[in-house]
Amino acid sequence: MAEMWISMGPQHPMTHGLWTLKVKVDGETIVDADPELGYLHRSVEKMGERRKYFMNTTLTDRLCYASSTTWTHCYALSVEELMDVEVPQRAQYIRTIMLELQRLASHLMWAGAYMPDLGHITGALYFWRDRELFLNLLELPSGSRLLYNYIRIGGVKRDLPDGFEEKTERILKLFEQRLDEYADLFENSKIFRMRTEDVGKFTASQAQNLGITGPNLRGCGTKFDLREHDTYEIYEEIDWEIQTREAGPGYGDCFSRYMVRIDEMKESISIIRDCFKKMPSGPTMASNVPVRATGEAFRRTEDPRGEALMYVVGDGSDRPYRWKIKSPMFTTISACPYYLKGYKVADIPAIMGSIDICIGETDK
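Residues numbered from 1 in each chain as written. Predicted model: local features only at pLDDT ≥ 70, side-chain atom pairs only at ≥ 80, totals over all residues. Heavy atoms only, no water.

## Some details on the sheet that holds strand 6 (residues 294-303)
How we decide: Each pair of strands is called paired provided DSSP finds at least two bridges between the two strands. Helix and strand assignments come from DSSP, with helices taken as H or I runs of at least 4 residues and strands as E runs of at least 2, each series counted from the N terminus. Lines are fitted to the C-alpha atoms to define the axes, a helix being fitted only along its stretch in contact, and any angle between axes, read from their N-to-C directions, falls within 0 to 180 degrees. Contact definition: two residues touch when any of their heavy atoms are within 4.5 Å.
What the 3 strands build is an open sheet, ordered 6-7-8; its pairing is antiparallel. Since the sheet does not close on itself, it has two edges, and those belong to strand 6 and strand 8 (320-326), each with one partner. Put simply, the sheet's adjacent strands are angled 10° from each other on average, direction ignored. The pairing of strand 7 (residues 306-315) with strand 8 spans 6 bridges and is classified as antiparallel. In the strand pairing of strand 8, Val313 is matched with Arg322. Packing against the sheet, helix 3 (residues 68-83) makes contact with strand 6, strand 7 and strand 8, and its axis sits at approximately 150° to strand 6.

Shown next as C-alpha cells:
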C-alpha cells in the first residue's frame, strides 16, 4: 500500500485548539508527522511593546485561559527584576498559593479534556466538576473565574479575604477524597491503561534534546522542576518534592504523564497548606514600583505545561522596548514527529492529548 498524508485539523477534536497535524501513514502506522501552528497568532509581544508595563498583565492573562495566573506571574517576575523591585514576603506567599491553586485547576482542565480522547465521557464530568471548586477559590481574592489579573508588578492586587484559609482547607480535604476515586476509576481501569501504557513513549534523553519540559519531561524520570532548580517566590522555604515517574517498564508513556500530573496535584495540596502555616503578616504590594525602566531581564517559571520564559528590554520609557515569550508547548508540539512515529492513527488522540496542549500560549 502506498504511503499517504492525512490532515487532522484545524477543526478536529484531537487538536485541543486551533492548529493542524499532518501525518504520513503506511496503512494504519504513522511514519512521519508535520505540525502546523500559527492559526491563533495574536501578536501579543508587539502589542505589549506599545503598552505601559503595568497594562500588559491583561495580555499575559490571556496567553492561556487554563493557567492565566502563571503567565502573568512570569511577566511580573521579569519586570520586577528589570526594575529592581522587592516584593513583600506576604505577597510572595500569596502568589505561591495562587500559583498552586492555578496548577490544580489547570491539571484538572487537562484531565477533563483528556478523558473524551479515550472515550471516557464520565471522566470529563468528574474532573471538570472538581475544577469548579478551585475556580471558586481563585475567584475569591481576584473577582474573576478565568482571567484573574490578580498578580501585579510589585505584589498582588489585594490581600486574601477573611476566611479564605478555612474555605481552602475544606476544599482540599474534599479533593483528597476525590483523588482516591480517580485511582479506582482510571488507574485501576484496564481499558484506560490499555489506551495509555506503552503508547507515545520517549526517553529522558530524547525529551531533553527536543526541549520538552514540565510534566512531560518528568514523566520520563527526569527530576527537573524550575520551582527548585531556578527557584522563585518562597518555594525554597516550603517542604515539597518534585514528582517524577522512575525509569522502568512503561515510563515515558501517556500513562506516566497522567500519573505525574495526579501526583503534582497531591503535592500542590501540600504546598498550599505549608504556605498558610508559614505565611507572615505585612503588606501585599511593594511601595517603590517605578514607571520606567532601563536594561534587560528574563525570568523563567514552572508553568503547568513546562518551562515558561519571558525576556524584557527597557529603554528608559514606560513601555517595554522588546518583549519575548518562550512557550513550553511550542517545543513540545514541534517535537511530535519524533514521538508519533511507529504508532497507529488511533493512538494520536491519546498521545497528543497526554502532553496537555494549550494553543493560546503556543501561538501568542
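## Structural notes on the packing of aromatic side chains
What counts is decided by this rule: Each pair of aromatic rings taken from Phe, Tyr and Trp, with Trp reduced to its six-membered ring, is defined by centres within 6.5 Å and is described as stacked if the planes are under 30 degrees apart, edge-to-face if over 60, and tilted in the remaining cases. Three exposure classes are used, based on accessible area relative to the maximum for each residue type with a 1.4 Å probe and protein chains only: buried under 20%, partly exposed in between, and exposed over 50%.
What the rule picks out here adds up to 16 aromatic pairs. A ring pair is formed by Tyr182 and Phe186, whose centres lie 6.2 Å apart and whose planes are at 45°; its orientation type is tilted. Within this pair, Tyr182 and its partner Phe186 are both found in helix 6 (residues 164-187), separated by 4 residues, close to a single helical turn. We note that Tyr182, like Phe186, is buried. With a centroid separation of 5.0 Å and 65° between ring planes, the pair formed by Phe192 and Tyr258 is classed as edge-to-face. Taken together, the residues span a long stretch of sequence, with Phe192 in helix 7 (residues 190-196) and Tyr258 in helix 11 (residues 254-278) at a distance of 66 residues.

## A short note on helix 6
Heads up, the rule is: Multiplying one less than the number of residues by 1.5 Å gives the expected span of a helix.
Taking 1.5 Å per residue, 24 residues should reach 34 Å; helix 6 reaches 32 Å between its end C-alpha atoms and fits that length. Lining the buried residues of helix 6 we find helix 4 (89-117), helix 5 (121-142), helix 7 and helix 11.

## Some thoughts on the packing of helix 3 against helix 4
For the record, the criterion: Residue polarity is assigned by list, with Asp, Glu, Lys and Arg as charged and Ala, Val, Leu, Ile, Met, Phe, Trp, Tyr, Cys and Pro as nonpolar; anything else, Gly included, falls into the polar class.
At a minimum axis distance of 8 Å, the contact between helix 3 and helix 4 shows a crossing angle of 145°. Within the contact between the two elements, helix 3 uses Ser68, Thr69, Thr70, His73, Ala76, Leu77 and Glu80 and helix 4 uses Arg95, Met98, Leu99 and Gln102. Residue composition of the contact of helix 3 with helix 4, grouped by class: 4 nonpolar, 5 polar and 2 charged.

## Structural notes on the sheet that holds strand 2 (residues 20-26)
Pairing between sheet strands relies on hydrogen bonds along the backbone, with the strands arranged either parallel or antiparallel. Read from one edge of the open sheet, 3 strands run 1-2-3, paired in antiparallel fashion. Unpaired on one side and paired on the other, strand 1 (4-8) and strand 3 (29-36) mark the two borders of the sheet. With strand direction ignored, the average angle separating the axes of adjacent strands in the sheet is 25°. As defined by bridge partners, strand 2 adjoins strand 3 across 7 bridges and the pair is classed as antiparallel. Each bridged residue has a counterpart across the sheet, and for Lys24 the counterpart in strand 3 is Asp32.

## Looking at the layout of surface pockets
For clarity, the threshold we go by: A cavity, in this analysis, means grid points on a 1 Å lattice covering only the protein atoms where a 1.4 Å probe fits yet has no way out; a pocket is instead an open set bounded by protein on both sides within 12 Å along at least five of seven lines, and a residue lines either one if it has an atom within 4 Å of a point. Grid points are joined across faces, edges and corners, and a volume is the space filled by probe spheres set on the points.
A volume near 270 Å³ is recorded for the largest pocket. Taken together, 19 residues line the largest pocket, and the ones lying closest to its centre are His16, Tyr65, Met109, Ile357 and Cys358. If you list the elements that add at least two residues to the lining of the largest pocket, you get helix 4, helix 14 (348-354) and helix 15 (359-363). Per element, the largest residue contribution to the lining of the largest pocket is 5 residues, and it comes from helix 4. Across the lining of the largest pocket, the residue classes tally to 12 nonpolar, 5 polar and 2 charged.

## Describing the side chain of Ser256
Selection rule: Definition of a polar contact: a pair of N or O atoms within 3.5 Å, with one able to donate and the other able to accept a hydrogen when the atoms are protein atoms, and with sequence-neighbouring residues admitted only if both atoms are side-chain atoms.
Topologically, Ser256 is positioned in helix 11. In this structure Ser256 comes out as buried when scored by relative accessible area, which is 2%. One polar contact links the side chain of Ser256 to the main-chain carbonyl oxygen of Gly219, over a distance of 3.2 Å.

## A few points about the environment of Gln11
Turning to its location among the elements, Gln11 is positioned in the loop between strand 1 and strand 2. Looking at Gln11, the relative accessible area reads 69%, which means it is exposed. For Gln11 and Val44, which are 33 residues apart along the polypeptide, the C-alpha to C-alpha distance reads 23 Å.

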